[in-house]
Amino acid sequence: MTDRKSRNKKPARRKPRVNKDELFAHFRTMLLIRRFEEKAGQLYGMGEIGGFCHLYIGQEAVVTGLEAIAEDGDKRITAYRDHGHMLACGMHPNGVMAELTGRSGGYSRGKGGSMHMFSKERNFYGGHGIVGAQVPIGTGLAFADKYRENSHVTFTYFGDGAANQGQIYESFNMASLWKLPVIFVIENNQYAMGTSTQRASSTPEFYTRGTAFEIPGEMADGMDVLEVKQAGARAAAHCRAGKGPFILELLTYRYRGHSMSDPAKYRTREEVQKVRGEHDPIDMVRARLLGLSGVTEDDVKKVDAEVRTIVNEAAEFARSSPEPEAHELYTDICR
């Protein structure tokens, strides 16, 4: 990760002025995502979560930074590594955890599971299990806003593996032709399932993939929530001004395997520990907080304690929520 980043890093921009309240908000959101995912991993190991389960541990700064600049009415859609996106956009941990455990108190009433949750109230359109399938849908959501002539933006997330799918480029073409307000967010965690980008991609800079379609792009450090926030603000301003789509590549890293069933033997433990020890997104925010006047270690620990309580309550809510009744098999389907 470090070598590739140093090769492609753009010239440093002026660092934003740090607001203590905003920094604490980012810290809390990222910590909520991480503690939630750690608990989900535990429940999966205990057999309380079935099917596929893709954890977001390590990538928390991406969605936290972008949600920080999202406005009311903006939409978001993503792939199967989606729990963090749900929490960051305001979906309640109780409903998310209940859905993971297949309970009726979940956002999809226990029928969607890890990869297929939705919330119309929070403008969250999934959670999609097919690689890259969400990108044309996100483009369509942006078309709806273009048609309605509002200033909303759609954040369409996908990974470095999906970036090589053909439907991505069909979406690029349509979005550019119609100047749709969509930000194509590439969460480049550098491993498409188990294959590194160096082995699978002929062009290492994914943000340049829109060149043929005249879509501008930018790459930023996806482990730095403030840098993500800055880059996201520029991308959103571009879209809201009616200039069409924007590609935002965020270099990040997942600490766990591709899914809970992946032992991740394609990389060394030393590689993971190096990133975690030197460039962890939560540790960076914690250090910034402790560097501010009046912020103590106890203040930071208090946030962690509050988050752990929320996550434990979510797990208990999931356990106590009933399983869906048999008649639910026939609801929410097309006949």
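Scoring rules and cut-offs
- Residues numbered from 1 in each chain as written.
- Predicted model: local features only at pLDDT ≥ 70, side-chain atom pairs only at ≥ 80, totals over all residues.
- Heavy atoms only, no water.
- Helix = DSSP H or I, 4+ residues; strand = E, 2+ residues; numbered from the N terminus.
- Polar contact = N/O pair within 3.5 Å; in protein donor to acceptor, adjacent residues only side chain to side chain.
- Contact = heavy atoms within 4.5 Å.
- Salt bridge = Lys/Arg side-chain N within 4 Å of Asp/Glu carboxyl O.
- Buried < 20%, exposed > 50% of the residue type's maximum accessible area, 1.4 Å probe, protein only.
- pLDDT = per-residue confidence, 0-100.
- Pairing = 2+ DSSP bridges.
- Right-handed = clockwise from strand over helix to strand, strands pointing away.

What to know about the side chain of Asp145
Position of Asp145 among the secondary structure elements: in helix α6 (residues 134–148). Polar side-chain contacts of Asp145 include one of 3.0 Å to the side chain of Lys75. At 3.1 Å, the side chain of Asp145 forms a polar contact with the side chain of Asn150. Not counting residues within four places of it along the chain, the set of residues in contact with Asp145 comprises Lys75, Asn150, His152, Thr154 and Pro181.

What about the pattern of salt bridges?
Under the counting rule described, the total for this entry stands at 20 salt bridges. For Glu67, the salt bridge is made with Arg76, and the minimal N-O distance between the two is 2.8 Å. Glu67 gets classed as buried once you look at its relative accessible area, which sits at 14%. One continuous salt-bridge network, built from bridges that share partners, spans Arg35, Glu38, Asp304 and Arg308.

Some remarks on the confidence of the model for the protein chain
Mean pLDDT over the protein chain works out to 93, with 95% of the residues at or above the 70 mark. For the stretch residues 1–9, pLDDT sits under 50, and the model shows 24 contacts to residues farther than four places along the chain or on other chains.

Observations regarding the pairing of strand β6 (residues 217–221)
The element β6 is extensively covered by neighbouring structure, given that four of its five residues are classed as buried. Relative to strand β7 (residues 246–251), β6 runs parallel, the two being bridged by five bridges. The residue bridging Met219 from the neighbouring strand is Glu249, located in β7. As a crossover connection, the stretch from β6 through helix α9 (residues 225–240) into β7 is right-handed.

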